[in-house]
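Each chain is listed here by its residues.
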Amino acid sequence: ATDIERPSARRACQTADSQQNWLAVRLVSRSRMDGLHLRASVTGLAAVPTDGGFGHVAFLCTECAEEALTGRPYSHGAIIGGLIAHEIGHLLLNRAGHSASGLMRSPWTQEEWELAAQGRMVLNHKEAQQVRAQVQERMQQSTQTRAAR
């Protein structure tokens, strides 16, 4: 099993000292991503729990992203930033699914690559509202947890 698949890693993706308001994006190698048997076009993965809890950790394969950029004249930094934002979007939306357009689309079309290169990838209006609500819920639960200690 890869580190991502180990039970301790899954627990770390779901809780961290009872705090709900933290997120992490881990940069991983191609071999780690290949070990998950994902589609070749996948550059990242967000550990979104299915039990109603909050996701905290996402993984991004920078080598995979660089391969996806082959032949495209875009800044790697801007694209990596867009891909990180996409994975954080999964965590803050608390879902693994994708949208028909914008930041949460998958796979990205030429339009998304161009917007990402320009730093202009955004969530749609409904997703932005969901993220605000999710952040408020995380903060509220974190405050309640601290108060209960």
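Residues numbered from 1 in each chain as written. Predicted model: local features only at pLDDT ≥ 70, side-chain atom pairs only at ≥ 80, totals over all residues. Heavy atoms only, no water.

A. Representation of the overall build of the chain in the model. In terms of regular secondary structure, the chain is built from six helices and three strands. Of the regular secondary structure in the chain, the N- to C-terminal order runs α-β-α-β-β-α-α-α-α. Burial statistics for the chain: of 149 residues in total, 37% are counted as buried. Taking all contacts inside the chain whose residues are at least 6 apart in sequence as the whole, residues at least 24 apart take part in 66%. When the accessible surface of the chain is summed, it comes to about 8,400 Å², and 52% of that surface belongs to carbon and sulfur atoms. (Helix = DSSP H or I, 4+ residues; strand = E, 2+ residues; numbered from the N terminus. Buried < 20%, exposed > 50% of the residue type's maximum accessible area, 1.4 Å probe, protein only. Contact = heavy atoms within 4.5 Å. Areas by Shrake-Rupley, 256 points an atom, 1.4 Å probe, with all protein chains shown as cover.)

B. Structural detail: the state of the cysteines. A complete count under the given rule lists one disulfide for this structure. For Cys61, the disulfide goes to Cys64, at an S-S distance of 2.3 Å. Residues Cys61 and Cys64 are joined through a disulfide that is right-handed, its torsion about the S-S bond being 75°. (Disulfide = S-S within 2.5 Å.)

C. Spotlight on the layout of surface pockets. For the largest pocket, the calculated volume is near 550 Å³. Lining the largest pocket are 26 residues; nearest its centre among them are Val42, Gly44, Glu87, His98 and Ser106. Counting residues per element, the lining of the largest pocket draws most heavily on helix H4 (residues 76-93), which supplies four residues. Among the residues forming the lining of the largest pocket, the class breakdown is 14 nonpolar, seven polar and five charged. (1 Å grid on protein atoms, 1.4 Å probe; cavity = no way out; pocket = protein on both sides within 12 Å on 5 of 7 lines; lining within 4 Å. Points joined across faces, edges and corners; volume = space filled by probe spheres on them. Nonpolar A, V, L, I, M, F, W, Y, C, P; charged D, E, K, R; others polar.)

D. Representation of the pattern of salt bridges. Applying the stated criterion to the full structure yields four salt bridges. Notably, a salt bridge pairs Glu67 with Arg30, separated by 2.4 Å at the nearest N-O pair. Of this pair, Glu67 sits in helix H3 (residues 62-68) while Arg30 is found in helix H2 (residues 30-34), placing the two residues 37 residues apart along the sequence. The exposure class of Glu67 is partly exposed, given its relative accessible area of 42%. (Salt bridge = Lys/Arg side-chain N within 4 Å of Asp/Glu carboxyl O.)

E. Representation of H4 in the model. Taking 1.5 Å as the rise per residue, H4 with 18 residues should run 26 Å; its terminal C-alpha atoms sit 25 Å apart, in good agreement. Packed against the buried residues of H4 are strand S1 (24-28), strand S2 (44-46), strand S3 (57-61), H3, helix H5 (110-117) and helix H6 (125-148). Positive phi shows up at Asn94, right after H4, with a value of about 60°. (Expected span 1.5 Å × (residues − 1).)

F. Spatial organisation of the nonpolar core. Of all hydrophobic cores here, the largest spans 17 residues; its most connected members are Ile79, Leu83, Trp108, Trp113 and Met121. Among the elements of the structure, H4 and H5 are those that each provide at least two residues to this core. Residues in contact with Met121, not counting those within four places in the same chain, are Gly102, Leu103, Trp108, Glu112, Leu115 and Ala116. Core analysis: the second largest hydrophobic core is formed by eight residues, Val28, Leu36, Cys61 and Cys64 among them. (Core = buried A, V, L, I, M, F, W, Y, C linked by side-chain atoms within 4.5 Å.)

G. Local environment of the sheet that holds S2. Here three strands make up an open sheet; going across it, the order is S1-S3-S2 and the pairing mixed. Whereas interior strands pair on both sides, the edge strands pair on one side only; in this sheet they are S1 and S2. Each neighbouring strand pair of the sheet contributes to a mean axis angle of 15°, computed without reference to strand direction. In terms of strand pairing, S1 meets S3 through five bridges, oriented parallel. Of the residues in S3, the one forming a bridge with Arg26 is Phe59. Against the sheet, H4 makes contact with S1, S2 and S3, and its axis sits at roughly 150° relative to S3, the strand it touches most. (Pairing = 2+ DSSP bridges. Axes fitted to C-alpha atoms, helices over the stretch in contact; angles between N-to-C directions.)

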